[in-house]
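Here's the letter readout for the chains.
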Amino acid sequence: MGKPLEIKDLKALAKRRVPKMFFDYADSGAWTESTYRANEDDFAKIKLRQRVLVDMTDRSLATSMIGQPVSMPVALSPTGLTGMQHADGEMLAAQAAEEFGVPFTLSTMSICSIEDVASVTRKPFWFQLYVMQDRDFVINLIDRAKAAKCSALVLTLDLQILGQRHKDIRNGLSAPPKFTPKHIWQMATRPGWCMKMLGTQRRTFRNIVGHAKSVTDLSSLSVWTSEQFDPRLSWNDVAWIKERWGGPLILKGILDPEDARMAVSTGADAIIVSNHGGRQLDGAMSSIGMLPRIVDAVGDKIEVHIDGGIRSGQDVLKAVALGAKGTYIGRPFLYGLGADGKRGVTTALDIIRKEMDITMALCGKRNIADVDRSILLDA
Ligand code: FNR
C-alpha cells in the first residue's frame, strides 16, 4: 500500500500489523454492532452546502476546548489497552498529540501509567477516570493526575456495567490479556509488533498494578478489573469527584437531553455526547444523531463535545456545524498507532486536518469559529 490517504488506509495497515485479538478489540462494538455502525453511517446522511466565489484565503482551524487552545477541535479519546496496539502506545500517542497541538486523554485502563506519559510529554494531557468501587483507588488516581498536572479530568459515566462484545469473547480476550496457544500464534504472525513489545517493560495496566490495594499480580488484576466497575454510581459521586479534583471537569457518555441537563447542574465544564463508540448500549442512537437535541437542550449553558464515528475532517465539520465545540477520535488514532506507531497517529491527525481545511473552504468559510448550521443543507 502507498502513503495512507484516508483513515481507512490506516485501518487496513493496522489489521496487517496488530495481532488479531487486539485489532478486533479496537474494531468492535456491543452485540450486533448496530450503534457502532450507525455512529459512522449517520455522518454520511448529513449534507454540506457547496459555496463558490467567496474568499478562501488565510484559513484557520485553531480554537479552544474548555478554554484551552487547540490547533483544531479534535482530541484523542481515552482508550483502554492502547499499549497493546503498539508498544508504549499511550506515550507515543500523547507525544503525537502534543506536537500537533491537540489534547490527548489517558484512560484509567491504559497500559502506560499517568507517570509514564508525564515523563515523555512537556504539556499537560487529560486524564479519563472510571469510578471503581474501591474509592481509595479512585482518590489515588485523582491525586496522581493532579500531581502530573493533567489539565482536565474526563469522567466516564456510561460504563457502570460492561457491555458485551462478541469479538472479544470469541477471541478469548480478557483483562488483563491471558495468553493461550491461539494468542501466541496470533502474535507470532506479527513479528514487528512482537519485537517492539518485547523491547518494553510496559505490558500491563500500570495505572492499577501497585496502586490498587488488592492487585499484586496478573491473576488478582484480572479478578479486580472484572468486579470493580460500579453499578451504583450516581450524580452524588460526580459532585465529590468534582470537589476532590478541583480542576476542569468533562462528563463523558451523555446521550440524552435529560442527562445533559443533570450534567449542567453539576457545574462541569463540558459534556461529551457519546455512546462509548457503540461499545455499550447496542440499539442506542448514534452520537451525531443525538447531538442537535442535546445542543438545543443545554448548548447555551455548557460546552458540548462529541465522539463516535468520526472518520474524516468532513465529519468533524458536520459536528462543529451542529454545535459541538470539540470532537474526539478513538479508533482513527488507534489504527494510526497500530499501523505506524507515533508517525501513524500523526498521519491520522494530518489526514483529518487536511480534509477539514479543504472542506471548510469549499463550504465558503475561512475560520472554524464561523462554522455553524449554515454550512449544512436542511439543518
Ligand atoms: C474505548 N472507549 C473508552 N472510553 C473511556 O472513557 N475509557 C476507556 O478506557 C475506553 N476504552 C476504549 C477502548 C477502545 C479500543 C475503544 C475503541 C474505545 C471509548 C472512547 O473513548 C470513545 O468514546 C470512542 O472510541 C469514540 O468512538 P470512535 O472515534 O472510536 O468511533
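Note that the structure is a prediction, hence the values are computed from the model and not measured.

S.K.: What is the right way to look at the packing of helix α14 (residues 313–321) against helix α15 (residues 331–362) in this model?
M.R.: Each packed pair of helices is defined by two parameters, the angle between the axes and the distance between the axes. Closest axis-to-axis distance for the α14/α15 pair is 7 Å, and the angle between their directions is 60 degrees. The pairing of α14 with α15 is recorded here as oblique in orientation. Here α14 runs over α15; the crossing is right-handed. Of the residues in α15, those touching α14 at Gly313, Gln314, Val316 and Leu317 are Ile352, Arg353, Lys354, Glu355, Met356, Thr359 and Met360.

S.K.: I'm lost on helix α4 (residues 89–100) in this one. Help?
M.R.: Helical geometry note: an α-helix holds 3.6 residues per turn, so side chains three or four residues apart project in the same direction. Taking 1.5 Å of rise per residue, 12 residues should cover 16 Å, and α4 covers 16 Å from first to last C-alpha, within 8% of that figure. With 10 of 12 residues buried, α4 is to be regarded as a mostly interior element. Residues of α4 that are buried in the fold lie against β3 (74–76), β4 (105–106), α5 (114–120) and α15. With its phi angle positive at about 80 degrees, glycine 101 sits one or two positions after the end of α4.

S.K.: Please clarify how the site of the ligand should be interpreted in this entry.
M.R.: Every one of the 23 residues lining the ligand counts as a neighbour, but Ser77, Gly80, Ser107, Gly277 and Gly330 are closest to it. Looking at side-chain class alone, the shell around the ligand contains six nonpolar, 13 polar and four charged residues.

S.K.: What's the story with helix α13 (residues 287–298) in this structure? I'm lost.
M.R.: Here α13 spans 15 Å end to end across 12 residues, near enough to the 16 Å set by a 1.5 Å rise per residue. Every buried residue belonging to α13 is among Ser287, Ile288, Gly289, Met290, Leu291, Ile294, Val295 and Val298, and all of these are buried. The secondary structure elements touched by the buried residues of α13 are α3 (34–44), β7 (249–254), α12 (257–265), β8 (270–273), β9 (303–307) and α14.

S.K.: Even after reading the chapter, I still don't get the nonpolar core, so can you show me in this structure?
M.R.: The nonpolar side chains of a soluble globular protein tend to be buried with one another. Core analysis: the biggest nonpolar cluster contains 111 residues, and Ala93, Ile271, Val273 and Leu291 have the highest contact counts within it. Take this core: its biggest share by element is 12 residues, from α15.

S.K.: Can you help me understand the pairing of strand β5 (residues 126–129) in this one?
M.R.: Consecutive residues of a regular strand have side chains that alternate between opposite faces of the sheet. Side-chain alternation along β5 places Trp126 and Gln128 on one buried face and Phe127 and Leu129 on a second face that is also buried. With two bridges connecting them, β4 and β5 associate as parallel partners. Across the sheet, leucine 106 pairs through a bridge with phenylalanine 127, a residue of β5. Regarding the hand of the β-α-β motif, the stretch spanning β4, α5 and β5 is right-handed. Here β5 runs beside strand β6 (residues 152–156); their pairing, made up of four bridges, is parallel.

S.K.: Help me understand unusual backbone geometry in this model?
M.R.: When glycine is set aside, most residues are seen to have a negative phi, and most peptide bonds are trans. One non-glycine residue with positive phi stands out, namely isoleucine 66, at about 40 degrees. Of note, isoleucine 66 is situated in the loop between β1 (63–65) and β2 (68–70).

S.K.: Where do I start with the sheet that holds β7 in this structure?
M.R.: Across a sheet, paired strands are connected by hydrogen bonds in the backbone, their directions being either parallel or antiparallel. Taken in spatial order, the eight strands make up an open sheet running β3-β10-β9-β8-β7-β6-β5-β4, and their pairing is parallel. If you trace the sheet from one side to the other, it starts and ends with β3 and β4, each paired once. Of the pairings in the sheet, the one linking β9 to strand β10 (residues 326–329) comprises three bridges and is parallel in character. Within the sheet, the bridge partner assigned to isoleucine 306 lies in β10 and is threonine 327.

What counts, and where the lines are drawn
Residues numbered from 1 in each chain as written. Predicted model: local features only at pLDDT ≥ 70, side-chain atom pairs only at ≥ 80, totals over all residues. Axes fitted to C-alpha atoms, helices over the stretch in contact; angles between N-to-C directions. Helix = DSSP H or I, 4+ residues; strand = E, 2+ residues; numbered from the N terminus. Parallel < 35°, antiparallel > 145°, perpendicular 65-115°, else oblique. Left-handed = near helix turned anticlockwise from the far one by under 90°. Contact = placed C-beta atoms within 7 Å. Expected span 1.5 Å × (residues − 1). Buried ≥ 20, exposed ≤ 12 C-beta atoms within 10 Å, placed from the backbone. Near = placed C-beta within 6 Å. Nonpolar A, V, L, I, M, F, W, Y, C, P; charged D, E, K, R; others polar. Core = buried A, V, L, I, M, F, W, Y, C linked by C-beta atoms within 7 Å. Pairing = 2+ DSSP bridges. Right-handed = clockwise from strand over helix to strand, strands pointing away.

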